[in-house]
Amino acid sequence: MKLIKLSLQNLFYKPLSLVLSLTLFALGVGLIALMMTLNKQITQKFENNLAGIDLIIGAKGSPLQLVLNGLYHLDAPTGNIPLREVQAFMNPKHPLIKKAVPLSLGDTYSGFRIVGTTADFPELYKAELASGNWWKLPMEVTLGSSVAAVSKLKPGDTFISSHGLTSDDFNKHDHAPFKVIGILKETGTVCDQLVLTSAESIWEVHEHQAQPKNKDTTHTAKEKTENGLAEHSHTEKGDHDESDHDHDAEVDSSALAAREITTLLIQFKARNVMTLNMQRNINQNTQLQAATPAIEINRLFSLMGIGFDAIRALAWVIAFVSGLSIFISLYNSLKERKAELALMRVMGASPVSLFSLIILEGLAIAFFGYILGVLACHLVMFFSSDYLFQLYKYRFDAWDFIREEGFLLAGALSIGLAAAVIPAIQAYRTEIAKTLA
Amino acid sequence: MLSSTNISFQYPNAGFQFPDVSVADKGHCLVLGKSGTGKTTFLHLLAGLLTPKTGEISIDGQVLRRLSASQLDQYRGKKIGIVFQKSYFIQAVSVIENLAWSQYLAGYPIDRDRIITLLKRLGVDHHAHHRPSGLSIGEQQRVSIARALINKPSVILADEPTSALDDENAEEVIHLLEEQASLENAALIIVTHDARIKSHFDQQILLGA
């Protein structure tokens, strides 16, 4: 105990060299811990959000983009696809498909995506209602928990969406307000960040975009018949009554067939050769694209991994340099303290005590450097959580300590030990008579 | 009580043969000699810091040669107080902690009353909580003497304790060493080339004669 205290007193006796060693060590440890924590949490979030989806079907383009957009709501859509081309997959009697969930995207509310879909979608994420109801009629929405928390919208409130993922004022669809009807419980998945509504709501908003804006009036939207679109009408008043939408609930089949969705999420009954063939067939013989989320996400991780690896390598270099700085500062202080160590021997200390003293000093720097580094890592996570939220649309848990950080402690102490061994051996070999002559 | 018989020591390129010494409890002995006559070597041999090539040293009837390395470390801490030419301290801790370490390393319980009493007797108790580096050379030497005395040793060995001091301080340090060694019933052996302190001692040994 007394040796531990003395080792600390010795360290504090040289505050500048202590600060240098600690800072370097904390920097190395902090960077490594940050990389590990971020990597872990990102991987975890991405995997949670796979939600058992085996295949995503959408417009041709980058399969990674299709997955990022369709499953994680991060990237822009690859484009839309005609509903009639995927209707076969949505047939409940399809031999291979257990569940097919259509998504219509395009609009946002203050940065949160509005997703036109079916009741199957929240089921994928096991989302439950916290209050209110599921959306039923067009322009009714159920909010994900984060959306509700950030926007402070309550059931009964209305809002106006904007086009695209940005929330600037120019792109607002101010002719079609949405009405909040329910709020979901937190699921820890991307579902928390979404505004859920029926596909009809999205179509309704966008069909009007082609029309001249005419607020506060009832008008008829004529859709171009040459495009196979049916005529339909609805009102757009600020105070939406449910009765206004009644006719929208009964969309006739030809109209439905002409409509577009963005992606179709598919769960297979079982993955086998036939499902693989189906994916290949879609990619080769249709205007559609089918991508496997797990494969694309692995590809993304291996791409990101290069960056992570580079930073991690840098962090290990810093850790090595900080180990070197511990070594040098112990070695130098040992030269100055030779007489002091010889004196301790004269007073009755054994060579082993002196060896332990120096080892303890190395371990102490490593230990406190580790504490500072891990603390710094989690503080950085804490203070950058808003930025990370913007970047990934996920809340990171700043105070989630992972098992790897325990291994990191072992690594840190090993560096401290290794740096202290040579000075400690020198202390062990202190020749009293020569030193104090 | 310290006695040595027939000690010799061999350096790679020089050898020394030392005269026999015997100093009783409360006895004082001055070891004189010019530079290069092996004064410090003699003191280190007596303190068990070096092992003689031939001969025997015994303190309170214990022959040092018969002790193992770790036993010798402990025995030295308990039975021998050493005052060096220069004052050495554990720099990072206060004066009082330095003395406490001396007790602790010798295997004794820490006795703060004893430390303060000793510092008072040597007139440096006001520095008890200062770091040694803040003290003057004379004050540091007094603390060194206090540390040599702290464990009530049988023998106090002093290596040129006055060489760095002016006449007045040298006189005082010698006086203190004699007085305190007597108070603690310890034998005192001073190795020096300092002619100023010759007159104090009846028992004198001349090296290199």
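Figured I'd write up the structure that's included with this text. This one's a predicted model, so the numbers in the text were calculated from it and none came from an experiment.

1. Notes on the overall build of chain A
Item 1. Looking only at helices and strands, chain A features 16 helices and 14 strands.
Item 2. A burial count over chain A gives 51% of its 437 residues as buried.
Item 3. A fraction of 76% describes how many contacts in chain A between residues 6 or more apart in sequence connect residues 24 or more apart.
Item 4. Carbon and sulfur atoms form 60% of the exposed surface of chain A, whose accessible area is close to 20300 Å².

2. Focus on the interface of chain A and chain B
Item 1. The partner chain B presents 26 residues to the 22 residues of chain A that form the contact.
Item 2. Taking both partners together, chain A and chain B bury about 2200 Å²; carbon and sulfur atoms supply 68% of that area.
Item 3. Taken as a group, K2(A), Y13(A) and M347(A) account for 32% of the area that chain A buries against chain B, more than any other trio of residues on that side.
Item 4. Taken together, the connections running from chain A to chain B amount to 1 salt bridge.
Item 5. Between D73(B) and R345(A) there is a salt bridge; the shortest N-O distance is 2.8 Å.
Item 6. Connecting chain A to chain B are 4 residue pairs in polar contact (both at pLDDT 80 or more).
Item 7. Elements supplying a minimum of two residues to the side of chain A that touches chain B: helix 1 (2-13), helix 12 (338-346) and helix 16 (432-435) of chain A.
Item 8. The residue inventory of the side of chain A that touches chain B, partitioned by class, reads 14 nonpolar, 5 polar and 3 charged.

3. A word on empty space enclosed by the protein
Item 1. Under the definition given, this model contains 6 cavities of 30 Å³ or more.
Item 2. In this structure, the largest cavity encloses a volume near 140 Å³.
Item 3. I80(B), G81(B), I82(B), S102(B) and R147(B) are the residues nearest the centre of the largest cavity, which is lined by 14 residues in total.
Item 4. If you list the elements that add at least two residues to the lining of the largest cavity, you get helix 12 of chain A together with helix 2 (69-79), strand 7 (80-83) and helix 5 (137-149) of chain B.
Item 5. For the lining of the largest cavity, the element with the highest residue contribution is strand 7 of chain B, accounting for 3 residues.
Item 6. Taken together, the residues of the lining of the largest cavity break down into 8 nonpolar, 4 polar and 2 charged.

4. Things to note about helix 6 (residues 167-183) of chain B
Residues and elements named next belong to chain B.
Item 1. Taking 1.5 Å per residue as the helical rise, helix 6 with its 17 residues ought to reach 24 Å, and the 24 Å between its terminal C-alpha atoms agrees with that figure.
Item 2. Buried-residue contacts for helix 6 involve strand 4 (28-32), strand 7, helix 4 (112-121), helix 5, strand 8 (155-159) and strand 9 (187-192).
Item 3. Backbone geometry just after helix 6 places N185 at a positive phi near 60°.

5. Thoughts on the sheet that holds strand 7 of chain B
Residues and elements named next belong to chain B.
Item 1. Pairing within the open sheet is parallel, and its 5 strands lie in the order 7-8-9-4-10. Each of the sheet's edge strands pairs with one partner strand only, and the pair in question is strand 7 and strand 10 (203-206). On average, each strand axis in the sheet is tilted by 15° relative to the strand beside it, whichever way the strands run.
Item 2. Alignment of strand 4 against strand 9, held across 5 bridges, turns out to be parallel. Within strand 9, the residue paired with L32 across the bridge is T192.
Item 3. On the sheet, helix 2 packs against strand 7 and strand 8 and is oriented at approximately 75° with respect to strand 7.

6. Some details on the packing of aromatic side chains
Item 1. Per the counting criterion, the structure on display carries 18 aromatic pairs over all chains.
Item 2. Taken together, a centroid distance of 5.6 Å and an interplanar angle of 70° make the contact between F46(A) and F301(A) edge-to-face. One end of the pair, F46(A), is in helix 2 (residues 15-48); the other, F301(A), is in helix 11 (residues 293-336), and 255 residues separate them in sequence. Residue F46(A) shares its accessibility class with F301(A), and that shared class is buried.
Item 3. An aromatic cluster is defined as three or more aromatic residues linked by ring pairs; in this entry it consists of F9(B), Y11(B), F16(B), F18(B) and F42(B).
Item 4. The ring of Y104(B) is capped by K2(A), whose NZ or CZ atom sits 5.5 Å from the centre of that ring.
Item 5. Note that K78(B) overlies the ring of Y108(B), its terminal NZ or CZ placed 5.3 Å from the centroid.

7. Digging into unusual backbone geometry
All names here are of chain A.
Item 1. Despite not being glycine, K126 shows a phi value in the positive range, around 55°.
Item 2. With respect to the element layout, K126 can be found in the loop between helix 5 (120-124) and strand 5 (129-132).
Item 3. Positioned with a positive phi, M139 is a non-glycine residue whose angle comes to about 70°.
Item 4. Tracing the sequence through the fold places M139 in the loop between strand 5 and strand 6 (140-143).
Item 5. Of the residues examined, M139 reaches a relative accessible area of 2% and is grouped as buried.

Conventions and cut-offs
Residues numbered from 1 in each chain as written. Chains lettered and ligands numbered in written order. Predicted model: local features only at pLDDT ≥ 70, side-chain atom pairs only at ≥ 80, totals over all residues. Heavy atoms only, no water. Helix = DSSP H or I, 4+ residues; strand = E, 2+ residues; numbered from the N terminus. Buried < 20%, exposed > 50% of the residue type's maximum accessible area, 1.4 Å probe, protein only. Contact = heavy atoms within 4.5 Å. Areas by Shrake-Rupley, 256 points an atom, 1.4 Å probe, with all protein chains shown as cover. Buried area = accessible area lost by both parts, 1.4 Å probe. Salt bridge = Lys/Arg side-chain N within 4 Å of Asp/Glu carboxyl O. Polar contact = N/O pair within 3.5 Å; in protein donor to acceptor, adjacent residues only side chain to side chain. Nonpolar A, V, L, I, M, F, W, Y, C, P; charged D, E, K, R; others polar. 1 Å grid on protein atoms, 1.4 Å probe; cavity = no way out; pocket = protein on both sides within 12 Å on 5 of 7 lines; lining within 4 Å. Points joined across faces, edges and corners; volume = space filled by probe spheres on them. Expected span 1.5 Å × (residues − 1). Pairing = 2+ DSSP bridges. Axes fitted to C-alpha atoms, helices over the stretch in contact; angles between N-to-C directions. Phe/Tyr/Trp six-rings, centres within 6.5 Å; stacked < 30°, edge-to-face > 60°. Lys NZ or Arg CZ within 6 Å of the ring centre and 35° of its normal.

Nothing here speaks to function; it is geometry throughout.
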